[in-house]
Structures are given as C-alpha cells and as structure tokens.
Amino acid sequence: MSMAGEIENIDHEIKQIEIRLESLRHRRTGLMDQSRFDFPNISRIEIINSEGRAWVAYLDEKGVDVQIQDGDRTMKVFYNK
C-alpha cells in the first residue's frame, strides 16, 4: 500500500475514534470537560490500519490526555514518553 493510502486509512481510523469519543462525551456529560478526556490507566497507544498495527507506543508512565479541538475537527493525544 502506498504512503498516501496508509495516511488515508489512518485518517479514517482517527475519524472512527473521534466518533466513539463523541459518544463518550454525550454519555459522560457533567463528568468531563466537553473538549478534553483523561484516560489515566492507558499504558499503550495503537494506530490500526487495514494491514494491522501501523504504530504502537508503550508508555513509561500510564496516562493519556485526549483533546478535541478546532470545532471538533482535530483530535490530539498527549502522553508521557
């Protein structure tokens, strides 16, 4: 698969994650800021494409902060490396 195809697949996967996060946001109204999610037990981040794991990061310290920005058009994942 070409690099452009892989990027397109990753973009699709990120969109699916954004949809799932939006669902979580609606279910957790009042518990979290609407544009920020904290996942303190996460110890690994994976990006999956049609061929499997495209990228994996194991975290030294647990904890991931996800922020939705730019009018829900950008998802940023912050982790300690």
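Preceding this paragraph is the structure being described.
Keep in mind that what you see is a predicted model, and the values were worked out from it rather than measured.

Caption draft 1: Inspection of the pattern of salt bridges at higher detail. The final tally for this structure, using the stated rule, is two salt bridges. Glu 46 serves as the salt-bridge partner of Arg 44, at 2.7 Å between the closest nitrogen and oxygen. According to the relative accessible area criterion, Arg 44 is partly exposed, its value standing at 42%. Exposure remark for Glu 46: the relative accessible area of 25% places this residue in the partly exposed category. One connected set of salt bridges, linked through shared partners, spans Arg 44, Glu 46 and Arg 53.

Caption draft 2: Representation of the sheet that holds strand β1 (residues 36-39) within the structure. As summarised here, the arrangement of the three strands in space is β1-β4-β5, forming an open sheet in which the pairing is antiparallel. In this open sheet, the two edge strands, each paired with only one partner strand, are β1 and β5 (74-79). Pairwise comparison of adjacent strand axes, ignoring direction, gives a mean angle of 15 degrees for this sheet. Inspection of the sheet shows β1 paired to strand β4 (residues 64-69) by four bridges, in the antiparallel sense. Residue pairing across strands places Phe 39 opposite Val 64, the latter belonging to β4.

What counts and how
- Residues numbered from 1 in each chain as written.
- Predicted model: local features only at pLDDT ≥ 70, side-chain atom pairs only at ≥ 80, totals over all residues.
- Heavy atoms only, no water.
- Salt bridge = Lys/Arg side-chain N within 4 Å of Asp/Glu carboxyl O.
- Buried < 20%, exposed > 50% of the residue type's maximum accessible area, 1.4 Å probe, protein only.
- Pairing = 2+ DSSP bridges.
- Helix = DSSP H or I, 4+ residues; strand = E, 2+ residues; numbered from the N terminus.
- Axes fitted to C-alpha atoms, helices over the stretch in contact; angles between N-to-C directions.

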